[in-house]
Amino acid sequence: DVLVAPTANPKFACDYQCNNAMPLFAKVKGREGGPGNPRAVAEAIMASIPPNEILEDVSVAGPGFLNLRLKDAFLERRVGTLFAGEAAVDAWAPEPCCARAVLDFSSPNVAKEMHVGH
């Protein structure tokens, strides 16, 4: 299975990451003519991705991570579909439960990650 996940760390300057090169390398390791390391597998995957309207950049980082960055124009089109035609916000947004809602901000420590205890 291909696993593409949103980037957890903004220092990587990409939108998504994929680490499938490492398990793929484990399956072909030692075969004659096979890649020498997971990074070579990632580079082969990167080379096989054709130019398209979704991806701005694909790069290999570390031992074989693929970093994927989406094109701004693609994101603009996708966000635009949320507000137009039959897919407009009115079509998918939930109905409000009441006329007035009270919001309570419990003052968690914003310097720490939120968790169930908050």
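Our structure's up above, just so we're on the same page.
Residues numbered from 1 in each chain as written. Predicted model: local features only at pLDDT ≥ 70, side-chain atom pairs only at ≥ 80, totals over all residues. Heavy atoms only, no water.

> Just to check I follow, could you spell out a nonpolar patch on the surface for this structure?
Taken together, the side chains of Val 2, Val 4 and Tyr 16 present a nonpolar region at the surface, about 270 Å² in accessible area. Note on placement: Val 2 falls in the segment before strand E1 (4–6). For Val 2, a relative accessible area of 68% gives the class exposed. (Patch = residues over 30% accessible without salt bridge, like charges linked within 9 Å, V, L, I, M, F, W, Y side chains within 5 Å. Areas by Shrake-Rupley, 256 points an atom, 1.4 Å probe, with all protein chains shown as cover. Salt bridge = Lys/Arg side-chain N within 4 Å of Asp/Glu carboxyl O. Helix = DSSP H or I, 4+ residues; strand = E, 2+ residues; numbered from the N terminus. Buried < 20%, exposed > 50% of the residue type's maximum accessible area, 1.4 Å probe, protein only.)

> Just to check I follow, could you spell out the layout of surface pockets for this structure?
Think of a ball as big as a water molecule: rolled over the atoms, this probe shows where empty space is left. Of the pockets and cavities examined, the largest pocket occupies roughly 330 Å³. Around the largest pocket, the lining comprises 16 residues; the ones closest to its centre are Val 2, Val 4, Cys 18, Asn 20 and Leu 66. Of all elements in the fold, only strand E2 (16–18), helix H1 (21–28) and strand E4 (65–70) reach the threshold of two or more residues within the lining of the largest pocket. Broken down by class, the residue content of the lining of the largest pocket amounts to 13 nonpolar, one polar and two charged. (1 Å grid on protein atoms, 1.4 Å probe; cavity = no way out; pocket = protein on both sides within 12 Å on 5 of 7 lines; lining within 4 Å. Points joined across faces, edges and corners; volume = space filled by probe spheres on them. Nonpolar A, V, L, I, M, F, W, Y, C, P; charged D, E, K, R; others polar.)

> I would appreciate a short explanation of the pairing of E4 in the present structure.
Residues in a regular strand project their side chains so that they alternate between the two faces of the sheet. As paired strands, E2 and E4 are joined by three bridges and run antiparallel to one another. Bridge pairing in E4 links Cys 18 to Leu 66. Bridge count between strand E3 (residues 55–61) and E4: six bridges; the pairing is antiparallel. Directly across from Asp 57, in E4, lies its bridge partner Arg 69. (Pairing = 2+ DSSP bridges.)

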